[in-house]
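Here's the letter readout for the chains.
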Amino acid sequence: MSRLIYEKSVSYQGYLIIPFVFGKADNYEIYSYKLLSEIGRGSKFHKADNPAEIYGNSINNIVDIAQEHIDQNSEFVSQGDSFKSRYVYGNNLIIVFQEGDKYFYDHYPPELLNNIAAPKLFKSEYECLNWIQQGLSGQYMRQRAS
């Protein structure tokens with residue numbers, strides 16, 4: 001599998017649709033997708049790999065396929081957009097969440113949907129993103145090595 005194309009991800013009905021190139025045939029790319037669910041493990045589609053079992057010929061096509069599958073099979077009704085504060089940094093997906101006056105994040109590497117976020121709380125989204133950016137650029141590792 002190639003890297004997940006986080007920069008083309010689409011938030012839809014409580015899910016994050018994440019396309020990727022599944023393979024190539026006659027120099028044409030075949031697209032698939034993975035899903036994240038805002039309710040996490042409470043959803044059978046959380047971290048699912050193409051639950052529709054249909055592939056597409058473009059990113060827009062695979063997103064349409066995923067949306068149709070969600071429309072027909074969703075287990076819950078979303079009340080908002082849990083994935084609105086998402087960022088791509090160095091091909092990593094960062095999703096920032098807020099609960100009350102605290103911020104935290106999920107961090108997914110380029111090739112798989114394993115959350116590798118540190119269990120840390122922040123006072124603002126800016127503080128959270130700054131900490132992540134410094135960590136991904138290796139600044140914290142260099143500071144600790146000194």
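Since the model is a prediction, treat every value here as computed from it, not as a measurement. (Residues numbered from 1 in each chain as written. Predicted model: local features only at pLDDT ≥ 70, side-chain atom pairs only at ≥ 80, totals over all residues. Heavy atoms only, no water.)

A. Region of interest: the overall build of the protein chain. A tally of regular secondary structure across the protein chain gives 3 helices and 6 strands. Listing every helix and strand of the protein chain by position from the N terminus yields β-β-β-α-β-β-β-α-α. Viewed in the frame of its principal axes, the protein chain has a C-alpha envelope of about 50 × 40 × 20 Å. Within the protein chain, the fraction of its 146 residues that count as buried is 40%. Residue pairs in contact within the protein chain that sit at least 24 positions apart in sequence constitute 45% of those at least 6 positions apart. Looking at the protein chain as shown, the accessible area adds up to about 8,600 Å², and 46% of this sits on carbon and sulfur atoms. Looking at the protein chain, you have 14 positive and 17 negative side-chain charges, and the mean spots of the two groups are 10 Å apart. (Helix = DSSP H or I, 4+ residues; strand = E, 2+ residues; numbered from the N terminus. Buried < 20%, exposed > 50% of the residue type's maximum accessible area, 1.4 Å probe, protein only. Contact = heavy atoms within 4.5 Å. Areas by Shrake-Rupley, 256 points an atom, 1.4 Å probe, with all protein chains shown as cover. Lys, Arg positive; Asp, Glu negative; His and termini not counted. Charge placed at Lys NZ, Arg CZ, Asp CG, Glu CD.)

B. A look at helix α2 (residues 125-136). An ideal rise of 1.5 Å per residue puts 16 Å on 12 residues; α2 measures up with 16 Å between its terminal C-alpha atoms. Within α2, the full set of buried residues consists of Cys128, Ile132 and Gln134. Projection of α2 onto a plane perpendicular to its axis shows the buried side chains occupying an angular sector of 165°, all on one side. (Expected span 1.5 Å × (residues − 1). Arc of directions from axis to C-beta.)

C. The arrangement of the pattern of salt bridges in detail. Evaluated as defined, the whole model comprises 2 salt bridges. Salt-bridge contacts for Arg3 lead to Glu7; the nearest nitrogen and oxygen are separated by 2.5 Å. According to the relative accessible area criterion, Glu7 is partly exposed, its value standing at 44%. (Salt bridge = Lys/Arg side-chain N within 4 Å of Asp/Glu carboxyl O.)

D. Broad picture of the pairing of strand β3 (residues 28-37). Within β3, 7 of the 10 residues are buried, which leaves the element mostly enclosed by the surrounding structure. Pairing between strand β2 (residues 15-25) and β3: 10 bridges, direction antiparallel. Counterpart to Leu16 in the pairing with β3 is Leu36. Counted along the chain from β2 to the antiparallel partner β3, the turn is 2 residues long, and its residue Asp26 has a positive phi close to 50°. (Pairing = 2+ DSSP bridges.)

E. Main features of the nonpolar core. With 18 residues, the main nonpolar core has Tyr15, Ile17, Tyr31, Tyr33, Leu35 and Ile70 as its most contacted residues. Only β2, β3 and α1 (59-73) provide two or more residues apiece to this core. In terms of residues, this core owes the most to one element, α1, which gives 6 residues. Beyond its immediate sequence surroundings of up to four residues, Ile17 is in contact with Ser9, Val10, Tyr12, Tyr33, Lys34, Leu35, Val63, Ala66, Gln67 and Ile70. Core analysis: the second largest hydrophobic core is formed by 12 residues, Tyr6, Ile18, Phe83 and Tyr108 among them. (Core = buried A, V, L, I, M, F, W, Y, C linked by side-chain atoms within 4.5 Å.)

F. Layout of the sheet that holds β2. Reading across the sheet, the 3 strands line up as β1-β2-β3 and stay open at both edges, with antiparallel pairing between neighbours. The open sheet terminates on both sides in strands that have one partner only, identified here as β1 (10-12) and β3. Shown here is a sheet whose adjacent strand axes are inclined to one another by a mean of 35°, direction ignored. By the bridge criterion, 3 bridges tie β1 to β2 in an arrangement that is antiparallel. The residue of β2 that forms the bridge with Ser11 is Leu16. (Axes fitted to C-alpha atoms, helices over the stretch in contact; angles between N-to-C directions.)

G. Seen up close, the confidence of the model for the protein chain. Residues of the protein chain with pLDDT of at least 70 account for 93%, and the chain-wide mean is 89. Of all secondary-structure elements in the protein chain, the lowest mean pLDDT belongs to helix α3 (residues 139-145), at 40, while α1 reaches the highest, 97. Taken as a whole, residues 140-146 scores under 50 in pLDDT and shows 4 contacts with residues more than four places along the chain or in a different chain. (pLDDT = per-residue confidence, 0-100.)

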